[in-house]
Amino acid sequence: MAVRATVSRFPMDSDAREGSGLLWGVTVTPFAAADENGRAPSYGSGGDLLPRCENCWAYFNTYCELEQWSWSCSLCGNLNGLSSDAIERYSGPQSCAEMMSSFVDLELPSQESSEEAAMPACPVYVAAVDLSSSEEFLELTKSALLAALEALAPGSLFGLATFSHKLGLYDVQGPIPVVKNVFIPPDAEGTLPIELEDVMPLLQFLAPVETCKDRIASALETLRPTTSWERTTAAGQGLDGVLIGGRGFGMAMEALCNYLGSEYGNTFALARVFAFLSGPPDYGAGQLDTRRYGEQYASKGEDADRALLPEQTPFYKDLAAVAVQAGVCVDIFAVTNEYTDLASLKFLSIESGGSLFLYTSTEDSTLPQDMYRMLSRPYAFGCVLRLRTSTEFKPGNSYGHFFPDPQYENVQHIICCDSYATYAYDFMFENNAGFSRTRSDVPTIQIAFQYAVVVPPQELSNSGGVSTNRTKHSLQRRLRIRTLQFGVAQNIHELYDSCDPEVVLSLLVHKVILASLEEGVREGRILLQEWLVILTAQYNDAYKLIQYSNGSSIRSQIDVAFSQCPQLQPLPRIIFALLRNPLLRFHEEGVHPDYRIYLQCLFSMLEPSSLHRAVYPVLTSYATPDKQAYPRHSLSRAALITSGSPIFFLDAFTILIVFYSSTADPTLPFPPPHDCLLRTTINKVKQERCITPKLIFIRGGQDDASIFENFLIEEQDVDGSGLTSVMGFVSFLEDITQKVLEFMK
């Protein structure tokens, strides 16, 4: 569980917080195997025996004062009695996990009777493939599913379904694959004429992977796109004689969720549905009107960015709630370059605990690698996340892909969580008193994360020699708790010096995404620039950098580069880069609305360092493929020219570019050989990513280098208006200086 704070020394009180202009909060990556410094938790059992505070319900931890018969809570200071069992357990100094570390991971006993505890908890996976598509799309989907089959653990169950104007279920357990189809009614209010359980019993549909892998592969080979003739006959003439396609995605998903839900808690604890989509759902329930992405918005004078960000129907949001009730988590893989309205579809994936992937073409798509990577890493499900704080402050807003508990405050439910998924919180003071200057109480936060994992048969501890259960997967619930204490900044200089700009970026991105969803992209951009102006003004004020002569300040003395505080120096560049990111660029600049939605979903789950790379890519130079020249350059053409290095490596998180400059020595091997330092670096980067980055090699002067040059943002105009001005980042800083002067007046 990695936890990072925007400031490692907390502000003294609300005046100090507001006076600094900084954000105050934390990011949490609950299922990360280690903390932010690479330390693993202390593992143990008896999570249900951990003493809890009678006043604030916090868990006992190493920061609590332990007396012989009692302990005082490190969060609220309440004195609690200890049970006789606990007194015995805590009598030795290193007796159990919670006495050894403030970061523990404890096993919880299973709540069911011993009979039910032996119940198989098979991992269940279902692929739903769009047949209203092209041959290329199906080829890509087949290779992705073949990669998935290799990654699935033995004992998993797999089902194959297809959808178009009909929903197909495959039975692969017999000698030859058999498909049974149900026609989907074309109207938006329609329902399926028959229950799927009556079409094919669920356990006939879900096949064990280890015995049926070859048959699943041969069933995949039989997939063909539905012909346009078939579709038009089924769909009939649409509105105004326009032929509607036949992609009944909404109805198919609803039916599959209900179908799987019947065995939830019986055969499986979590079913994952992979939906492969080649375009917008345009048939049956959940159909979307894609005409909103067109010329008519220009004539209505609507803000195109604002018009295309909200969902046009609550269908998929409601369907996500159905999926959660059925124990189903949906991952959507959209492979399309046409407008698919991900703004409406995204809820089905992110609110059911899944991910949203967008690939604009089938040719260089990393879909098979992403599938394999996603399935071979560990994940937790049925998670509950709770953040508690000491009494002087409390959590304000929480951000991330979870849904809040309807009953309890500051409790979030996460359906499915991998080791990369990150959530954020901001803090506010309970009252004006803030933290006291004298008291020994220190700002403390405690994060509790309760989760379940499926344990493969071979990993079960053979307790009591029970060997009958060894062939089945079992379910294990665990409780992970991390308690952290922070210092208090005695003055504004200490506060600025303890700032972590990457975490500040994380919170800003969450706030800007919310603002642009509610008010439009323009509002999001204004919010970001205003924040930087206020921070710059407060910093200049704190460091007494502005001399007022007869009422007006002297402009040249405004320090927009934060030259006296190294911790704040990256911020102007980060903000400039965020304003140049497709997340916040205008529609007129050619940013596809689906791509914007994809970035919103991706950025709101990334941990701070990855997000920093995605916003302001890392540019490194090499003298030869085996020798690094400089570890970091600013993203400008000037930096390339002055460095004089022949090879550049750009890491923009979703894309990696190796660029040989046009002046590079022609004897340097291109592309770099497989055993060189540069390749080793690239492979390490790819290995550690949550998604597979696209790798591109470019020779300057021979290949088209525009994709690389587009990342050199510092000479670009911040609003994207007109040609790339020579003064991109410089004129941005001048503009900020001007606004700071106005603000200070």
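No experiment lies behind these values; they were computed from the predicted model shown.

## Re the overall build of the chain
Next up, step 1: When helices and strands are tallied, the chain shows 25 helices and 31 strands.
Next up, step 2: Within the chain, the proportion of its 745 residues that are buried is 56%.
Next up, step 3: In the chain, 75% of the contacts between residues at least 6 apart in sequence involve partners at least 24 apart.
Next up, step 4: If you sum the accessible surface of the chain, you get close to 31,900 Å²; carbon and sulfur atoms cover 51% of it.

## Remarks on helix 18 (residues 521-542)
Next up, step 1: Between its first and last C-alpha, helix 18 extends 32 Å over 22 residues, near the 32 Å set by a 1.5 Å rise per residue.
Next up, step 2: Lys-544 occupies a position one or two residues after helix 18 and carries a positive phi of about 50°.

## Digging into empty space enclosed by the protein
Next up, step 1: This structure, assessed with the given rule, holds four cavities of 30 Å³ or more.
Next up, step 2: Looking at the lining of the largest cavity, the elements with two or more residues in it are strand 16 (356-359), strand 20 (411-418) and helix 20 (593-603).
Next up, step 3: Estimates place the volume of the second largest cavity at around 40 Å³.
Next up, step 4: Around the second largest cavity sit Thr-27, Thr-422, Tyr-423, Ala-424, Ser-506, His-510, Phe-603, Ser-604, Met-605, Leu-606 and Leu-611, which together line it.
Next up, step 5: Put simply, the parts of the chain that give the lining of the second largest cavity at least two residues each are strand 21 (423-429) and helix 17 (501-519).
Next up, step 6: Classifying every residue of the lining of the second largest cavity by side-chain character gives six nonpolar, five polar and no charged.

## Considerations on the sheet that holds strand 18 (residues 393-399)
Next up, step 1: Strand order in the open sheet formed by four strands is 1-3-21-18, and the pairing between neighbours is antiparallel. Of all strands in the sheet, those with a lone pairing partner are strand 1 (2-5) and strand 18, marking the two edges. Adjacent strand axes in the sheet meet at a mean angle of 25° when their direction is disregarded.
Next up, step 2: Where strand 18 meets strand 21, five bridges bridge the pair, whose relative direction is antiparallel. Within strand 21, the position partnered with Ser-398 by the bridge is Tyr-425.

## Regarding the environment of Gln-173
Next up, step 1: Among the secondary structure elements, Gln-173 is positioned in the loop between strand 11 (166-171) and strand 12 (178-183).
Next up, step 2: Look at Gln-173 and you get partly exposed, because its relative accessible area is 32%.
Next up, step 3: Between the C-alpha atom of Gln-173 and that of Ala-207, which follows or precedes it by 34 residues, the distance is 6.3 Å.
Next up, step 4: With near-sequence residues (within four places) excluded, Gln-173 lies in contact with Leu-203, Gln-204, Phe-205, Leu-206, Ala-207, Pro-208, Cys-212 and Arg-215.

## Focus on the pairing of strand 8 (residues 103-108)
As a general feature of sheets, a regular strand has side chains that alternate between the two faces.
Next up, step 1: Of all six residues making up strand 8, five are buried, and the element is well covered by its neighbours.
Next up, step 2: Here strand 4 (residues 42-44) pairs with strand 8 via three bridges, running parallel. Looking at strand 8, one finds that Ser-42 is bridged to Val-104.

## A closer look at the confidence of the model for the chain
Next up, step 1: In the predicted model, the chain carries a mean pLDDT of 87, and 89% of its residues have values of at least 70.
Next up, step 2: Under a pLDDT of 50 for its full length, residues 113-119 has, in the predicted model, seven contacts with residues more than four places off or in other chains.
Next up, step 3: The model gives residues 235-243 a pLDDT under 50, and that stretch makes twelve contacts with residues more than four places away or in other chains.

## Details of the pattern of salt bridges
Next up, step 1: On inspection of all chains with the given rule, the structure shows 22 salt bridges.
Next up, step 2: Across the salt bridge formed by Arg-4 and Asp-500, the nearest N and O atoms sit 3.0 Å from each other. Here the residue Arg-4 occupies a position in strand 1, and Asp-500 occupies one in the loop between helix 16 (492-497) and helix 17, the gap between them amounting to 496 residues.
Next up, step 3: Judged by its relative accessible area of 18%, Arg-4 falls in the buried class.
Next up, step 4: Among the salt bridges present, the one from Arg-573 reaches Glu-714, with a minimum N-O distance of 2.5 Å. In this pair, Arg-573 sits in helix 19 (residues 570-580) while Glu-714 sits in the loop between helix 24 (706-709) and helix 25 (728-744), placing the two residues 141 residues apart along the sequence.
Next up, step 5: Here the residues in one salt-bridge network are Asp-35, Glu-36, Arg-39 and Arg-482, joined through shared partners.

## Some thoughts on helix 13 (residues 315-325)
Next up, step 1: For helix 13, the complete set of buried residues consists of Phe-315, Tyr-316, Leu-319, Ala-320, Ala-323 and Val-324.
Next up, step 2: Structurally, helix 13 contributes buried residues whose contacts are with helix 10 (249-261), strand 15 (328-335), helix 14 (342-350), strand 19 (403-404) and strand 20.
Next up, step 3: Gly-327 sits one or two residues past helix 13 and shows a positive phi near 70°.

## Re the packing of helix 5 (residues 135-151) against helix 15 (residues 367-376)
Next up, step 1: Put simply, helix 5 and helix 15 touch, their axes get as near as 8 Å, and they point 25° apart. Regarding the angle of helix 5 to helix 15, the classification is roughly parallel. As for the relative orientation of helix 5 and helix 15, their crossing is right-handed in sense. Contacts between helix 5 and helix 15 involve Leu-140, Ser-143, Ala-144, Ala-147, Ala-148, Glu-150 and Ala-151 from the former and Leu-367, Pro-368, Met-371, Tyr-372, Leu-375 and Ser-376 from the latter.

## Concerning the packing of helix 5 against helix 8 (residues 209-221)
Next up, step 1: As a packed pair, helix 5 and helix 8 sit with axes 11 Å apart at the nearest point and diverge in direction by 175°. When the interaxial angle is binned, helix 5 and helix 8 end up roughly antiparallel. Across from Lys-142, Leu-145, Leu-146, Leu-149 and Glu-150 in helix 5, the residues of helix 8 making contact are Val-209, Lys-213, Ile-216, Ala-217, Leu-220 and Glu-221.
Next up, step 2: A per-class count over the contact of helix 5 with helix 8 returns seven nonpolar, no polar and four charged.

## Some details on the side chain of Ser-365
Next up, step 1: Looking at the element boundaries, Ser-365 is found in the loop between strand 16 and helix 15.
Next up, step 2: Within the structure, the side chain of Ser-365 is placed 3.1 Å from the backbone nitrogen of Leu-367, a separation counted as a polar contact.
Next up, step 3: With sequence-adjacent residues up to four places away left out, Ser-365 is seen in contact with Leu-140 and Tyr-359.

## Focus on the sheet that holds strand 4
Next up, step 1: Read across the open sheet, the seven strands follow the order 4-8-23-22-17-20-19; overall the sheet is mixed. For this open sheet the edge positions go to strand 4 and strand 19, each flanked by a neighbour on one side alone.
Next up, step 2: Alignment of strand 17 (residues 379-389) against strand 22 (residues 444-455), held across seven bridges, turns out to be antiparallel. Bridge pairing in strand 22 places Phe-381 opposite Ala-452.

## Considerations on the packing of aromatic side chains
Next up, step 1: Counting across every chain of the model gives 38 aromatic pairs.
Next up, step 2: Arranged with centres 5.2 Å apart and planes meeting at 15°, the rings of Phe-276 and Phe-333 form a pair that is stacked. Here Phe-333 lies in strand 15 and Phe-276 lies in strand 14 (residues 271-277), a separation of 57 residues in the sequence. By the burial criterion, Phe-276 is buried, and Phe-333 matches it.

## Some points on the pairing of strand 10 (residues 157-163)
Next up, step 1: Counting buried residues along strand 10, seven of its seven residues qualify, which places the element largely inside the surrounding structure.
Next up, step 2: The sheet contact formed by strand 9 (residues 124-130) and strand 10 spans seven bridges and is parallel. Paired with Ala-128 across the two strands is Ala-161, which belongs to strand 10.
Next up, step 3: For the segment spanning strand 9, helix 5 and strand 10, crossover handedness is right-handed.
Next up, step 4: Of the strand pairs in this sheet, strand 10 and strand 13 (residues 207-208) are connected by two bridges, and their pairing is antiparallel. Bridging from a neighbouring strand, Phe-158 pairs with Ala-207 of strand 13.
Next up, step 5: As defined by bridge partners, strand 10 adjoins strand 11 across three bridges and the pair is classed as antiparallel. Directly across from Ala-161, in strand 11, lies its bridge partner Leu-169.
Next up, step 6: If you look at the hairpin formed by strand 10 and strand 11, you'll find two residues sitting between the two strands.

Quick notes on the rules
- Residues numbered from 1 in each chain as written.
- Predicted model: local features only at pLDDT ≥ 70, side-chain atom pairs only at ≥ 80, totals over all residues.
- Heavy atoms only, no water.
- Helix = DSSP H or I, 4+ residues; strand = E, 2+ residues; numbered from the N terminus.
- Buried < 20%, exposed > 50% of the residue type's maximum accessible area, 1.4 Å probe, protein only.
- Contact = heavy atoms within 4.5 Å.
- Areas by Shrake-Rupley, 256 points an atom, 1.4 Å probe, with all protein chains shown as cover.
- Expected span 1.5 Å × (residues − 1).
- 1 Å grid on protein atoms, 1.4 Å probe; cavity = no way out; pocket = protein on both sides within 12 Å on 5 of 7 lines; lining within 4 Å.
- Points joined across faces, edges and corners; volume = space filled by probe spheres on them.
- Nonpolar A, V, L, I, M, F, W, Y, C, P; charged D, E, K, R; others polar.
- Pairing = 2+ DSSP bridges.
- Axes fitted to C-alpha atoms, helices over the stretch in contact; angles between N-to-C directions.
- pLDDT = per-residue confidence, 0-100.
- Salt bridge = Lys/Arg side-chain N within 4 Å of Asp/Glu carboxyl O.
- Parallel < 35°, antiparallel > 145°, perpendicular 65-115°, else oblique.
- Left-handed = near helix turned anticlockwise from the far one by under 90°.
- Polar contact = N/O pair within 3.5 Å; in protein donor to acceptor, adjacent residues only side chain to side chain.
- Phe/Tyr/Trp six-rings, centres within 6.5 Å; stacked < 30°, edge-to-face > 60°.
- Right-handed = clockwise from strand over helix to strand, strands pointing away.

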